Amino acid sequence: MNPPKALFAAFSLCALLLAYTCDPDDLDNQLPEEHFDNEAQVKQAVDSIYTILRTDGLYKETFFYSMDFMSLEQMNTSDPLYHIFLQFTFDASTNYIADYWKECYVGIRLANRVISNEETINQIPDAIISQERKAKYIGEAQFLRAFYYFLLVTRFGDVPLNLDYAANLKGLPRTSKSEIWAQIEEDLISAAGKCLPKNLEEKGRITSGAAWALLGKAHLFQANESNNQADFIAAKNAFLNVIEDVANYDLEDVYSDNFKEETENGSESIFEVEFNDIEGTYRPW
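All of these numbers come straight from a predicted model, not from anything done at the bench.

With that settled, consider the nonpolar core. As a rule of thumb, nonpolar side chains are buried together in soluble globular proteins. Judged by nonpolar contacts, the single largest core of 56 residues is most densely connected at Leu53, Leu58, Phe143, Tyr148, Leu151 and Ile184. Taken together, the elements giving at least two residues each to this core come down to helix H4 (39-51), helix H7 (95-116), helix H9 (131-156), helix H10 (177-194), helix H11 (208-226), helix H12 (229-243) and strand E2 (271-273). Beyond its immediate chain neighbours, meaning those up to four positions away, tyrosine 148 contacts Ile49, Tyr50, Ile52, Leu53, Leu58, Cys104, Gly107 and Ile108. Counting seven residues, the second largest nonpolar core, distinct from the first, contains Phe69, Ile84, Phe85 and Tyr96.

See below:
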């Protein structure tokens, strides 16, 4: 393998975003049998899962503070609010951390709604929505559930595992991180087989390449802790599905194009969380 070519397999989430307007509360007021009758309703339910990515607890705000300051990519701030990340003094009582936790579980609950209704969705006549598109929507929900759990397990270790949309999370005990990782892997393998390839999918939506990339990253995180050769091999095999997909992925001729708005979603792009001016600009980034 040519080492530089492998670099783009690292799963990178650029903060850029989809302007989904579905209100999750609206979905809660509808019974499953009322909601999943056609493609528009299925798509609306899946879009609501994406919407959580652009909340303050995740890509709209907290990610920038936590990731930039904890990695020392940004150190110059006079606001003591952000010193908690520079100094690693945050805890569960910190608003940013509480929002991160809460929004991940909102996303998981909305994903569970779609996944738990897979049978209902598959009963929609193929004349209304093709089997391929039914599968790809389920795959998107599985990826997003895995992604939200990835955000949780990599920050907190053992966390409550909930796969039931109707379940009450209050008082739910923590599940071992090994079980969380196993669920992440199961969801991503399924999503990789259901989601569309990048060249056939709308920009900003989950693709089979994104599922393989996150699966590889999940194995790398586990390998970093276990030093288990099997995890390294599993990571390599997952990443190869992206690296060898030369029709959809390649290195940019100009590296800086990865960071320009006019060249976003380029050949190195695997999954981008996309922002849109229509949604407003009270958060400058």
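Let's shift gears to the environment of glycine 204. Turning to its location among the elements, glycine 204 is positioned in the loop between H10 and H11. By relative accessible area, which is 8% here, glycine 204 ends up buried. C-alpha of glycine 204 to C-alpha of glutamate 274: the two residues are 70 residues apart in sequence and 6.3 Å apart in space.

The end-to-end C-alpha distance of H11, which contains 19 residues, comes to 27 Å, matching closely the 27 Å that a straight helix rising 1.5 Å per residue would cover. Along H11, the residues classified as buried are Ser208, Gly209, Ala210, Ala211, Ala213, Leu214, Leu215, Gly216, Ala218, His219, Gln222 and Ala223. For H11, the elements touching its buried residues are H9, H10, H12 and E2. Among the residues trailing H11, asparagine 227 stands out with phi positive, at a value near 55 degrees.

Turning to the pattern of salt bridges, a few remarks are in order. The full count for this structure, using the stated rule, is 12 salt bridges. Between lysine 134 and aspartate 126 there is a salt bridge whose closest N-O contact spans 2.7 Å. Taking relative accessible area as the criterion, lysine 134 reaches 1% and is therefore assigned buried. If you follow the salt bridges from partner to partner, you end up with Lys43, Asp47, Lys136, Glu140, Glu201, Glu202 and Arg205 in one network.

Rules behind the numbers
- Residues numbered from 1 in each chain as written.
- Predicted model: local features only at pLDDT ≥ 70, side-chain atom pairs only at ≥ 80, totals over all residues.
- Heavy atoms only, no water.
- Core = buried A, V, L, I, M, F, W, Y, C linked by side-chain atoms within 4.5 Å.
- Buried < 20%, exposed > 50% of the residue type's maximum accessible area, 1.4 Å probe, protein only.
- Helix = DSSP H or I, 4+ residues; strand = E, 2+ residues; numbered from the N terminus.
- Contact = heavy atoms within 4.5 Å.
- Expected span 1.5 Å × (residues − 1).
- Salt bridge = Lys/Arg side-chain N within 4 Å of Asp/Glu carboxyl O.

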